[in-house]
Amino acid sequence: MTISLEETKNIANLSRIAFTDEELIRFQSSLEKILAYVDELKSIPTHNVEPLSTVTGLVNVFRKDDTHSSTVTEAILANAPQLKDGYYKVKTIL
Amino acid sequence: MNLAYKEISELRELLDTKHLSSLELTQYFFKRIKELNPLLNAYLTLSEEHAYYLAKRADDFINSPGNNPWLCGIPYAAKDLFLTKGIRTTAASKILDKYIAPYNATVINKLESQYAVLLGKTNLDEFAHGSSTETSAYGASKNPWNLSRIPGGSSGGSSSAVAGGLAPFALATETGGSIRQPASLTGTCGWKPTYGRVSRYGVIAMASSLDCPGTIALSVKDLVYTANAISGQDAKDSTTGNHNVHYTPEIPKSLAGLRVGVPREYFPEGMESGVKTRIYEAINILEKLGASITEVSLPLTKYGSLVYAIVCPSEVSSNLMRYDGIRYTHQSNKATDLYDIYCQSRAEGFGDEAKRRIMTGTYVLSAGYFDAYYKQAQKVRRLILNEFMEVFKKVDVLACASSPNVAVPIGGAKDNPLFGYIADQLNIPSSLAGLPGLSIPCGLATSTTGDSVSLPVGFQLIGPQWQEQILFNIGLIFQAETDFHKSIPQPLTI
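Structural notes, computed from the coordinates. (Residues numbered from 1 in each chain as written. Chains lettered and ligands numbered in written order. Predicted model: local features only at pLDDT ≥ 70, side-chain atom pairs only at ≥ 80, totals over all residues. Heavy atoms only, no water.)

Observations regarding helix 3 (residues 48–63) of chain B
Here's step 1: With 16 residues, helix 3 of chain B extends 22 Å from end C-alpha to end C-alpha; this agrees with the ideal 22 Å at 1.5 Å per step.
Here's step 2: Where helix 3 of chain B is buried, its residues touch helix 1 (8–16), helix 2 (22–40), helix 4 (106–113) and strand 3 (117–122) of chain B. (Helix = DSSP H or I, 4+ residues; strand = E, 2+ residues; numbered from the N terminus. Expected span 1.5 Å × (residues − 1). Contact = heavy atoms within 4.5 Å.)

Overview of the packing of aromatic side chains
Here the distance between the centres and the angle between the planes together describe a pair of aromatic rings.
All names here are of chain B.
Here's step 1: What the rule picks out here adds up to 22 aromatic pairs over all chains.
Here's step 2: With a centroid separation of 5.9 Å and an interplanar angle of 70 degrees, the aromatic rings of Phe-127 and Phe-350 are classed as edge-to-face. Residue Phe-127 is found in the loop between strand 3 and helix 5 (156–163), and its partner Phe-350 is found in the loop between helix 10 (338–349) and helix 11 (352–365); the two are separated by 223 residues along the sequence.
Here's step 3: Here Phe-127 falls in the buried class, since its relative accessible area comes to 1%.
Here's step 4: Here Phe-350 falls in the buried class, since its relative accessible area comes to 3%.
Here's step 5: Both rings, one in Trp-191 and one in Phe-472, keep their centres 5.8 Å apart while their planes meet at 55 degrees; by these two values the pair is tilted. Of this pair, Trp-191 sits in strand 5 (residues 189–192) while Phe-472 sits in helix 15 (residues 468–481), and the two are 281 residues apart along the sequence. With respect to burial, Trp-191 and Phe-472 carry one shared label: buried. (Phe/Tyr/Trp six-rings, centres within 6.5 Å; stacked < 30°, edge-to-face > 60°. Buried < 20%, exposed > 50% of the residue type's maximum accessible area, 1.4 Å probe, protein only.)

Re the pattern of salt bridges
Here's step 1: What the rule picks out here adds up to 21 salt bridges over all chains.
Here's step 2: As a salt-bridge pair, Lys64(A) and Asp66(A) come within 3.7 Å of each other at their nearest N and O atoms.
Here's step 3: Residue classification places Lys64(A) among the exposed positions, given a relative accessible area of 65%.
Here's step 4: Judged by its relative accessible area of 46%, Asp66(A) is partly exposed.
Here's step 5: Counted as one network, the salt bridges with shared partners bring together Glu22(A), Arg26(A) and Asp352(B). (Salt bridge = Lys/Arg side-chain N within 4 Å of Asp/Glu carboxyl O.)

Section: the interface of chain B and chain A
Interfaces are often sized by the accessible area lost when the parts come together.
Here's step 1: Residue-level contacts link 66 residues of chain B with 49 residues of chain A.
Here's step 2: Summing the contributions of chain B and of chain A, the shared interface buries around 5400 Å²; its carbon and sulfur component is 69%.
Here's step 3: Per-residue buried area on chain B facing chain A is highest for Leu306(B), Met359(B) and Tyr363(B); these three make up 13% of the total on that side.
Here's step 4: For the pair chain B and chain A, the number of links is 19 residue pairs in polar contact (both at pLDDT 80 or more).
Here's step 5: The leading source of residues in the side of chain B that touches chain A is helix 12 (residues 371–394) of chain B, at 12 residues.
Here's step 6: Looking at the side of chain B that touches chain A, its residues break down into 37 nonpolar, 17 polar and 12 charged. (Buried area = accessible area lost by both parts, 1.4 Å probe. Polar contact = N/O pair within 3.5 Å; in protein donor to acceptor, adjacent residues only side chain to side chain. Nonpolar A, V, L, I, M, F, W, Y, C, P; charged D, E, K, R; others polar.)

Section: the nonpolar core
As a rule of thumb, nonpolar side chains are buried together in soluble globular proteins.
Residue and element names in this part refer to chain B.
Here's step 1: By size, the foremost hydrophobic cluster in this structure holds 177 residues, and its most contacted members are Leu-111, Leu-286 and Phe-459.
Here's step 2: With nine residues, the top contributor of residues to this core is helix 12.
Here's step 3: What Leu-111 contacts, discounting residues up to four positions off in sequence, is Leu-71, Tyr-76, Ala-116, Phe-169, Leu-171, Ala-229 and Ile-230. (Core = buried A, V, L, I, M, F, W, Y, C linked by side-chain atoms within 4.5 Å.)

Describing the side chain of Ser158(B)
Residue and element names in this part refer to chain B.
Here's step 1: Relative to the assigned elements, Ser-158 resides in helix 5.
Here's step 2: Taking the relative accessible area as the measure of exposure, Ser-158 reaches 0% and is therefore buried.
Here's step 3: There is a polar contact of 2.9 Å between the side chain of Ser-158 and the side chain of Thr-122.
Here's step 4: The contact partners of Ser-158, leaving out residues within four places of it in the chain, are Lys-79, Thr-122, Asn-123, Ala-170, Leu-171, Ala-172 and Ile-216.

Some details on a nonpolar patch on the surface
Residues and elements named next belong to chain A.
Here's step 1: On the surface, Val-90, Ile-93 and Leu-94 cluster together to form a nonpolar patch covering roughly 380 Å² of accessible area.
Here's step 2: Mapped onto the fold, Leu-94 is located in the segment after strand 2 (87–88).
Here's step 3: Among the residues examined, Leu-94 registers a relative accessible area of 98% and is labelled exposed. (Patch = residues over 30% accessible without salt bridge, like charges linked within 9 Å, V, L, I, M, F, W, Y side chains within 5 Å. Areas by Shrake-Rupley, 256 points an atom, 1.4 Å probe, with all protein chains shown as cover.)

Observations regarding unusual backbone geometry
Note: most residues except glycine have negative phi, and most peptide bonds are trans.
Residue and element names in this part refer to chain B.
Here's step 1: Note the cis peptide between Gly-153 and Ser-154, where omega equals 5 degrees.
Here's step 2: Residue placement: Ser-154 occurs in the loop between strand 3 and helix 5.
Here's step 3: Even without a glycine there, the phi angle at Asn-41 is positive, about 50 degrees.
Here's step 4: Owing to a relative accessible area of 19%, Asn-41 belongs among the buried residues under this scheme.
Here's step 5: Here the phi dihedral of Ala-92 falls at roughly 55 degrees; this positive angle occurs in a residue that is not glycine.
Here's step 6: Counting through the fold element by element, Ala-92 comes out in the loop between strand 2 (75–79) and helix 4.

Topic: the environment of Ala92(B)
Residue and element names in this part refer to chain B.
Here's step 1: Residue class for Ala-92 comes out buried when judged on its relative accessible area of 0%.
Here's step 2: Along the backbone, Ala-92 and Arg-382 are 290 residues apart, and their C-alpha atoms lie at a distance of 32 Å.
Here's step 3: Ignoring sequence-local partners within four residues, the contact set of Ala-92 consists of Leu-44, Asn-123, Leu-124, Asp-125, Glu-126, Ser-136, Ala-137 and Tyr-138.

Points about the sheet that holds strand 9 (residues 397–401) of chain B
Residue and element names in this part refer to chain B.
Here's step 1: Strand order in the open sheet formed by 11 strands is 1-3-2-4-6-5-10-11-9-7-8, and the pairing between neighbours is mixed. The outermost strands of the open sheet, each flanked by one partner alone, are strand 1 (43–46) and strand 8 (292–296). Along the sheet, successive strands turn relative to each other by an average axial angle of 30 degrees, direction set aside.
Here's step 2: With two bridges connecting them, strand 7 (residues 259–263) and strand 9 associate as parallel partners. Bridging from a neighbouring strand, Gly-261 pairs with Leu-398 of strand 9.
Here's step 3: Of the strands in this sheet, strand 2 and strand 4 (169–174) touch helix 4, which is tilted by about 160 degrees from strand 4.
Here's step 4: Taken strand by strand, helix 8 (residues 273–288) contacts strand 7, strand 8, strand 9, strand 10 (437–446) and strand 11 (454–462), and its axis lies near 50 degrees from that of strand 11. (Pairing = 2+ DSSP bridges. Axes fitted to C-alpha atoms, helices over the stretch in contact; angles between N-to-C directions.)

This is the structure we're talking about:
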């Protein structure tokens with residue numbers, strides 16, 4: 001199972017992680033190894049099998065849509081690398 | 001008084017009869033930790049001031065009239081995935097090196113309401129990605145039985161702490177082997193709950209459909225006390241089961257009537273022969289205690305790790321997207337635009353294994369590959385679950401090894417993207433099915449990797465969904481009949 005360097009670059013872009021050229025080649029190789037490892041799964045017959053994403057069987061666990069004021073806002077914002085007036089500060093988007 | 005390696009019931013007695021205060025007990029452990037942690041690298045952060053506050057609070061409670069909860073005044077360590085308010089929480093990653101948790105995980109709050117005393121945060125593989133702690137940004141933890149060997153992972157700091165006598169018990173998490181395997185490798189007792197038994201609120205997420213907070217301790221009896229303290233439905237985690245939970249530490253009289261299944265696929269080629277021997281001996285003990293033993297077959301076992309190698313990174317890639325260089329402390333100062341902030345901060349903050357899992361997950365979830373990989377993996381996952389449900393119509397519990405080998409030397413995992421998937425092959429299938437598991441010591445075996453040293457072997461029990469009491473019962477009577485769990489490593493010296 002081969003992955004092109006171009007595809008690896010594309011995945012890196014989607015993952016929002018910067019790689020050096022040398023790293024890209026290393027990760028391309030790792031990805032190929034992992035995909036080779038899991039390749040056998042493709043041949044398992046799964047016609048009419050429902051995909052499983054939760055094991056508890058719980059469905060739609062609701063709570064009342066009550067609001068209350070938060071006591072953790074300040075502590076959460078304290079972990080921001082850059083804040084302004086209680087907002088996360090980011091680089092220009094537009 | 002030597003207080004290391006005393007079980008919770010012994011400490012409870014000393015505290016309740018006022019032979020010892022929680023403050024003295026806490027001070028004892030900090031002294032020991034400061035002496036030995038440089039050798040073990042089990043702890044990343046110590047929270048002394050907070051611990052002394054909690055210990056004094058526990059002593060006040062003990063000195064007031066009335067009974068004391070089992071964990072009142074008992075010190076413990078928490079894997080550094082559990083948010084602990086006001087205390088540094090890193091997930092063993094550079095990207096969270098300076099992160100201060102804004103609130104407590106539910107499990108931390110539950111332990112605090114029992115007056116247990118948090119000593120500090122233990123090392124792990126970065127974001128729990130691994131089976132040895134070698135992917136930690138802060139270096140690997142060491143196995144107290146042999147400092148050149150891994151303590152297992154990802155909860156390796158927790159297992160090292162308990163096995164090293166640096167905490168009576170420790171919080172840990174398991175997604176695919178991360179409690180059972182390290183417990184096995186360090187001769188400690190590990191409980192991986194049924195998925196949904198324990199709240200994940202405030203636990204840094206790895207794979208949300210698999211993560212299970214649990215505990216590592218010195219005996220099954222101690223695991224029962226911790227299970228009672230941390231289990232239960234939580235309004236803040238809608239994946240928790242709504243059962244009323246109370247486990248008993250009462251030792252059953254015998255195992256008569258218990259049907260034990262031994263799955264033939266859990267003795268793979270490459271399993272160390274010494275491990276195999278110890279497991280068969282442990283199974284014979286169950287038979288001696290009255291259980292009936294049957295060989296069973298779980299043919300889909302070999303696909304477990306393959307399914308996990310797709311499902312886990314997929315969920316990881318989603319969960320780790322939040323580390324954007326904007327909200328969680330680390331931001332690259334090389335960034336010139338927003339795109340850079342994401343890409344450079346994440347490149348700087350994440351280790352190789354985290355990047356590998358994010359990349360793998362992103363690939364298999366991307367358009368054109370989703371059906372072939374992720375959806376197919378989820379279908380095989382259902383087949384694996386169905387296979388377990390079928391086998392539990394014939395037997396009540398499965399018995400096997402927790403790990404195919406004893407602890408390997410540190411350095412074995414390096415740059416091997418498949419290391420964890422192979423190390424955890426005996427744990428992953430039951431994790432995928434959300435089943436409860438227990439690992440308890442059953443003696444030593446000779447390593448076939450590196451020096452021929454004798455290292456602990458873990459006996460694994462896997463139960464049907466929500467049936468932890470069956471596992472606890474077997475463990476309790478096993479530990480009444482044997483004393484493998486009382487073996488501790490040689491004292492460490494600087």
